Amino acid sequence: MANIRIRNTNERLTNEQEVTSFLDKHGVLYEHWDMDKLSSKLRDQFLLSKEEKEEILKTFDNEIRSLATRRGYAEWDIVALTDATPNLDELLKKFEQVHVHTEDEVRAITAGNGIFTIKGEAGYFDVELSPGDVISVPVNTPHFFTLMENRKVVAVRLFIDSSGWVAHPYEDPTFKR
């Protein structure tokens, strides 16, 4: 279940209804997939073979296709990040810059954790994601994604067009880490 931290007040939202309502007000899609469907061997595995990635995609095929149909996504894949990922710190530095995309940025967390920091009406807020959480940050919404303390995540990514998933820097003098 996702948690939200509103940065300028440090208020936390942990109730599912509050989280969903808050994100909805900001145009952010939030859903939760049933992680009991996923093989237990893949729930805490972060170094994945091509076959294991395919197994995750096959397990959530109905959910992926439903989301794709509703939102116009045409492509999907798996991303897995851990301390064993080559150049992880350099990747995170790139991720941790506020930016926008010309299409939604979609993640469905299947293992580990991640944080989307998103600019809302009253400032930035953090969405802390856990397995089963699905989020779609709308096109042209300033945001960035990073890992939590465990520095491990596996996620399904969905795209309208993978070439549209290019980060465009967003300069914001009000943003504070």
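In this text, all values refer to a predicted model and were calculated from it rather than measured experimentally.

**Examining the environment of Y170**
Moving on, step 1. Turning to its location among the elements, Y170 is positioned in the segment after β12 (168-169).
Moving on, step 2. A relative accessible area of 29% means that Y170 is categorised as partly exposed.
Moving on, step 3. Sequence-wise, Y170 and V106 are 64 residues apart; in three dimensions their C-alpha atoms are separated by 19 Å.
Moving on, step 4. Once you skip the residues sitting within four places of it in the chain, Y170 turns out to touch V98, H99, V100, K119, Y124 and P142.
Moving on, step 5. A polar contact is formed between the side chain of Y170 and the side chain of K119, at a distance of 3.4 Å.

**Things to note about the pattern of salt bridges**
Moving on, step 1. Summed over all chains, the structure comprises 13 salt bridges.
Moving on, step 2. Between R151 and D83 there is a salt bridge; the shortest N-O distance is 2.6 Å. With R151 in the loop between β10 (143-147) and β11 (153-159) and D83 in the loop between β4 (75-81) and α4 (88-95), this pair connects stretches of sequence that are 68 residues apart.
Moving on, step 3. We note a salt bridge from D89 to R151, for which the minimum N-O separation is 2.9 Å. Pair noted here: D89 is in helix α4 and R151 is in the loop between β10 and β11, with a separation of 62 residues, a long-range link.

**Side note on the side chain of T117**
Moving on, step 1. By secondary structure assignment, the location of T117 is in strand β7 (residues 114-120).
Moving on, step 2. Within the structure, the side chain of T117 is placed 2.7 Å from the side chain of D126, a separation counted as a polar contact.
Moving on, step 3. Non-local contacts of T117, meaning those with residues more than four positions away in its chain, are made with R7, Y124, F125, D126, P142, H143, F144 and F175.

**Considering the side chain of T141**
Moving on, step 1. With respect to the helices, strands and loops of the structure, T141 is situated in the loop between β9 (133-137) and β10.
Moving on, step 2. If sequence neighbours within four positions are ignored, T141 has contacts with H99, V100, I118 and K119.

**Brief notes about the confidence of the model for the protein chain**
Close reading of the predicted structure is inappropriate where its pLDDT is low.
Moving on, step 1. Overall, the predicted model of the protein chain reaches an average pLDDT of 93, with 98% of residues at or above 70.
Moving on, step 2. By mean pLDDT, α4 is the weakest element of the protein chain at 83, and helix α2 (residues 50-59) is the strongest at 98.

**Side note on the packing of aromatic side chains**
Moving on, step 1. Counted according to the given criterion, the structure contains five aromatic pairs.
Moving on, step 2. Between F22 and F125, the ring centres sit 4.8 Å apart and the planes meet at 85°, which makes this aromatic pair edge-to-face. Of this pair, F22 sits in helix α1 (residues 16-25) while F125 sits in strand β8 (residues 123-129), placing them 103 residues apart in sequence.
Moving on, step 3. Exposure remark for F125: the relative accessible area of 1% places this residue in the buried category.
Moving on, step 4. On the basis of an interplanar angle of 25° and a centroid distance of 5.3 Å, the ring pair of W33 and F60 is categorised as stacked.

Reading guide: rules and limits
Residues numbered from 1 in each chain as written. Predicted model: local features only at pLDDT ≥ 70, side-chain atom pairs only at ≥ 80, totals over all residues. Heavy atoms only, no water. Helix = DSSP H or I, 4+ residues; strand = E, 2+ residues; numbered from the N terminus. Buried < 20%, exposed > 50% of the residue type's maximum accessible area, 1.4 Å probe, protein only. Contact = heavy atoms within 4.5 Å. Polar contact = N/O pair within 3.5 Å; in protein donor to acceptor, adjacent residues only side chain to side chain. Salt bridge = Lys/Arg side-chain N within 4 Å of Asp/Glu carboxyl O. pLDDT = per-residue confidence, 0-100. Phe/Tyr/Trp six-rings, centres within 6.5 Å; stacked < 30°, edge-to-face > 60°.

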